[in-house]
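Fold and contact review
Residue strings, one per chain:
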Amino acid sequence: MTPEDLFGRLRTRFADVVLARGEVSVSVGPKELLAALEWLRDEDLGFDFLSDLTCSDWPELEPRYWVAYHLLSLAQGHRLRVKVGLAGDDEPHVPSVTARYPTADWFEREAFDFFGVVFDGHPDLRRIEMPEEWTGHPLRKTEPLAGVRTRFVGASIPPPDRRGT
Amino acid sequence: MTSSPGRPPGSPSTPTSTEIETRSMGVREDTMIINMGPQHPSTHGVLRLVLELEGEVVVGCRPVVGYLHTGIEKNMEYRTWQQGSTFVTRADYLSPFFNELGYCLAAERLLGVEAPPRAQTIRILVTELNRIASHLVWLATTGLELGAISVMLYGFRERETILDIFEAITGLRMNHAYIRIGGVVMDLPVDVPARVERLLNTLDSRIGEYEDLLSGNPIWHQRTRGIGVLRAEDCLRLGVTGPMLRAAGVARDIRRDEPYCGIEEYEFDVPVADSADAFGRYEVRIEEMRQSLRIVRQSLERLRPGPVMVEDPKVRWPAQLSVGPDGIGNSEEYVRHIMNESMEALIHHFKIVTQGVKVPPGEAYVPVESPRGELGYYVVSDGGQHPYRVHIRDPSFVNLQSVPALVTGGLVADVVAAVASVDPVMGGVDR
Amino acid sequence: MPAELVPGVQIGRGEDAEEVRRGLLLTTLGKAVAWARKNSMWPATFGLACCAIEMMAAGAGDYDLGRWGMEVFRASPRQADLMIVAGRVSQKMAPVLRQIYDQMPEPKWVISMGVCASSGGMFNNYGLVPGVDTIVPVDVYVPGCPPRPEMLMYGILRLHEKVQREARIT
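Residues numbered from 1 in each chain as written. Chains lettered and ligands numbered in written order. Predicted model: local features only at pLDDT ≥ 70, side-chain atom pairs only at ≥ 80, totals over all residues.

Attention shifts here to the overall build of chain C. Across its full length, chain C carries 5 helices and 4 strands. Reading chain C from its N end, one meets helices and strands in the order α-β-α-β-α-β-α-β-α. By the burial criterion, 45% of the 170 residues in chain C qualify as buried. Residue pairs at least 24 apart in sequence account for 75% of intrachain contacts in chain C once pairs closer than 6 positions are excluded. (Helix = DSSP H or I, 4+ residues; strand = E, 2+ residues; numbered from the N terminus. Buried ≥ 20, exposed ≤ 12 C-beta atoms within 10 Å, placed from the backbone. Contact = placed C-beta atoms within 7 Å.)

With that settled, consider the overall build of chain A. Of the regular secondary structure elements, chain A holds 3 helices and 7 strands. The C-alpha atoms of chain A give 20 Å as radius of gyration, which overshoots the globular expectation for 165 residues (15 Å, by more than 25%). In terms of overall dimensions, chain A has a C-alpha envelope of 70 × 35 × 30 Å along the principal axes. In chain A, once contacts between residues fewer than 6 apart in sequence are set aside, the share between residues at least 24 apart is 48%. (Rg over C-alpha atoms; globule rule 2.2 N^0.38 Å.)

Taken together, the contacts link 24 residues of chain A with 30 residues of chain B. Those elements that provide at least two residues to the side of chain A that touches chain B are strand 3 (49–57), strand 4 (65–72) and helix 3 (104–115) of chain A. Sorting elements by how many residues they give to the side of chain A that touches chain B places strand 3 of chain A first, with 6 residues. A breakdown of the residues in the side of chain A that touches chain B according to their chemical character gives 12 nonpolar, 6 polar and 6 charged. (Nonpolar A, V, L, I, M, F, W, Y, C, P; charged D, E, K, R; others polar.)

What follows concerns the sheet that holds strand 4 (residues 140–142) of chain C. Residues and elements named next belong to chain C. Across the sheet, which stays open at both edges, the 4 strands sit in the order 1-2-3-4 with parallel pairing between neighbours. The sheet terminates laterally at strand 1 (43–44) and strand 4, the two strands that pair on one side only. Seen against the sheet, helix 5 (residues 149–166) touches strand 3 (109–113) and strand 4 and runs at an angle of roughly 170° to strand 4. (Pairing = 2+ DSSP bridges. Axes fitted to C-alpha atoms, helices over the stretch in contact; angles between N-to-C directions.)

Core analysis: the biggest nonpolar cluster contains 216 residues, and Val67 of chain A together with Met83, Val85 and Leu97 of chain C have the highest contact counts within it. It is helix 5 (residues 117–146) of chain B that provides the largest number of residues to this core, a total of 15 residues. If we ignore the near neighbours within four places in the chain, the residues touching Leu97 of chain C are Val85, Val89, Val132, Ile135 and Val136 of chain C. (Core = buried A, V, L, I, M, F, W, Y, C linked by C-beta atoms within 7 Å.)

By the bridge criterion, 5 bridges tie strand 1 (residues 16–20) of chain A to strand 2 (residues 23–28) of chain A in an arrangement that is antiparallel. In the strand pairing of strand 2 of chain A, Val17 of chain A is matched with Val26 of chain A.

To continue, consider the interface of chain B and chain C. Bring the parts together and some accessible area is lost; that lost area is often taken as the interface size. Counting residues at the interface gives 25 residues for chain B and 27 residues for chain C. When residues of the side of chain B that touches chain C are traced back to their parent elements, those giving at least two are helix 2 (72–76) and helix 6 (149–170) of chain B. Among the elements that take part in the side of chain B that touches chain C, helix 6 of chain B stands out by supplying 5 residues, more than any other.

What follows concerns the sheet that holds strand 3 of chain A. Residues and elements named next belong to chain A. Reading across from one edge, 1-2-5-4-3 is the order of the 5 strands in this open sheet, with mixed pairing throughout. Two strands bound the open sheet, and with one partner strand each, they are strand 1 and strand 3. Sheet twist, expressed as the mean angle between neighbouring strand axes with direction ignored, is 20°. The sheet contact formed by strand 3 and strand 4 spans 8 bridges and is antiparallel.

This next bit is on the packing of helix 5 of chain B against helix 12 (residues 278–302) of chain B. Residues and elements named next belong to chain B. Running from N to C, helix 5 and helix 12 cross one another at 155°; their axes reach a closest spacing of 9 Å. When the axis of helix 5 is compared with that of helix 12, the two are roughly antiparallel. The interaxial crossing formed by helix 5 with helix 12 has left-handed handedness. Contact residues: helix 5 offers Thr121, Ile124, Leu125, Glu128, Leu129, Arg131, Ile132, His135 and Trp138, while helix 12 offers Arg285, Glu288, Met289, Ser292, Leu293, Ile295, Val296, Ser299 and Arg302. (Parallel < 35°, antiparallel > 145°, perpendicular 65-115°, else oblique. Left-handed = near helix turned anticlockwise from the far one by under 90°.)

Further remarks concern the packing of helix 2 (residues 50–59) of chain C against helix 5 of chain C. All names here are of chain C. Running from N to C, helix 2 and helix 5 point in directions that differ by 75°, and their axes come no closer than 9 Å. By the angle class used here, helix 2 and helix 5 are roughly perpendicular. Between helix 2 and helix 5, the residues in contact are Glu54, Met55, Ala57 and Ala58 and Pro149, Leu152 and Met153, respectively.

When the pLDDT values of chain C are averaged, the result is 83; 84% of them are 70 or greater. This prediction of the complex comes with two scores: 0.88 for pTM and 0.89 for ipTM. (pLDDT = per-residue confidence, 0-100.)

Following this line, the structure appears as structure tokens:
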């Protein structure tokens, strides 16, 4: 299905559909996410493959966190981006899609690690890239790029003049 | 926790004499938790696998990643768009050209520009050579881990010949930053097409040597056949793409299904196996190397004279690089032009290099077929000179999720073979 | 320095002479031990990122580390005496690095390969340790991103010179 046809088809179901540069994006609220994904999968659109799941942080906007799901239909070859806007609390919640797309497991852990988005229903939501005892969510725009004080847990580093050899 | 002794799948369930003996002695049998730590010769980088073993059988596996997390995505938000090429190239460090290509295609989609035809042909040339180099490293390290140590030396020998070509084209052996937004940063040197031609002739026979060495080898068969099986439905549910998916029988290749840089005009086959095990992945990768040779040969034939960077002055990288007596730098005529002749050209050069291009607001997702699978770039712009958000959908990150499914139920010695057949590159997994 | 205490000039009598004689013997022994150590320095596998690939290329056929007896990369740090930190060291990996370093027996040396290991490289951010010399003492820094195998070999040869010059027995 061409992006234009897909756009027209999705307009019948969703209010916020955008076609730009050959890509179709749909925005839904967090409560409608699972139902929307069901519809997208079971209708003849056939979006059965989740390519990518990530988040971006817009601190000046409301909603602040935008979780993007990139879906692909293997049979028909078209792609779609589903975006969910989450309010700017410290712990935004969104339902997890791991039951439907097991590939979302590590993607959601990464989004939690970097942005603090909590995925309800995820089997094992804990940090994946940062150390387990890290505090803060580094990819938020409010977190600094560098200059973060760290403590190496489990190792002690003597000062340079007493390091031996 | 008592449990019956581990046995390989498929053996009968009546208790053996050892079981009866151990039970009567009151011996406790627990599972053992073993850490294949981040520092390990056979885990393809800093991957940590926490294995739960019952005897020699793996009953549980938990991969721990993040030991190479570099913060590339956040770092790119503080640099200009053009500088993004140098950052993403170090994510999946065995396929640097693919990283750059995906990022530049996404940025070009936002800008609404397309690289000139010669640049697109050069992009295909270098990316397909990179695919061969990456598969050679895979073959070399997999052979080393499974005990075929000479394959390591042969693989790196061939890779050096390809790296010589890369060095002639870009100046670097790895992490090139050659593919930039708008095209490629400089044209091919005049002797490179002939060198690539000679390289293609030798590589074909060398790949035949690998097949002679390994494809009929009974030890190779015993170590890879039936190991790390992941059928097509499970691959798709776990989001696995690339040679793992093609070895399971699904003929999905982004070069075929969502072509980029004019690759739809090239003739090549997409190799598919149906055994879904480590041996099938080996066959697929060997055949992919051959198909990449075909594509490189066709790209040489397609090379026509022309510019290698877009003409739009707001986008094009302003430098005119050439090789001089002291290395690669701006050509003398260009330096004379901006220093002596034209103040506007100097100011323009300065602005573009220091501030970069301004990319219109929007978002784009562009997938390319990297040697490991679907490498996608989700790029978000807010209209400024820095990328607002760049997310790298790395195939190794997703494929590594399948490791528990590959190794559970098998022997611990097969963990190495299974992880090797996934071909993870931890730079891409952790970024 | 009194003439009779300068070695080779006049080694004769007294306690000081005994001291000098012992010193000469130990110095020659030290030089011999250093020569043996530098000619069979076994690296521990500590390849992290892109530099690891160049390190493997240095160990492979084209740029052969075996000419200096170093092609055997020991997987176990207990059997290694050189740690080539090849690649960027993330915050999560830093304790592991220190632990591997502590597990290596004396004498041990560290080469910091690449700019990321030497100083944090082009990544100046929350995720990396800005230089492994904050964690382990480094003997030779090899810059480059990644350094060519020849550059790594030059760094290794400078380390050999350092080992020979120090000529320790312990």
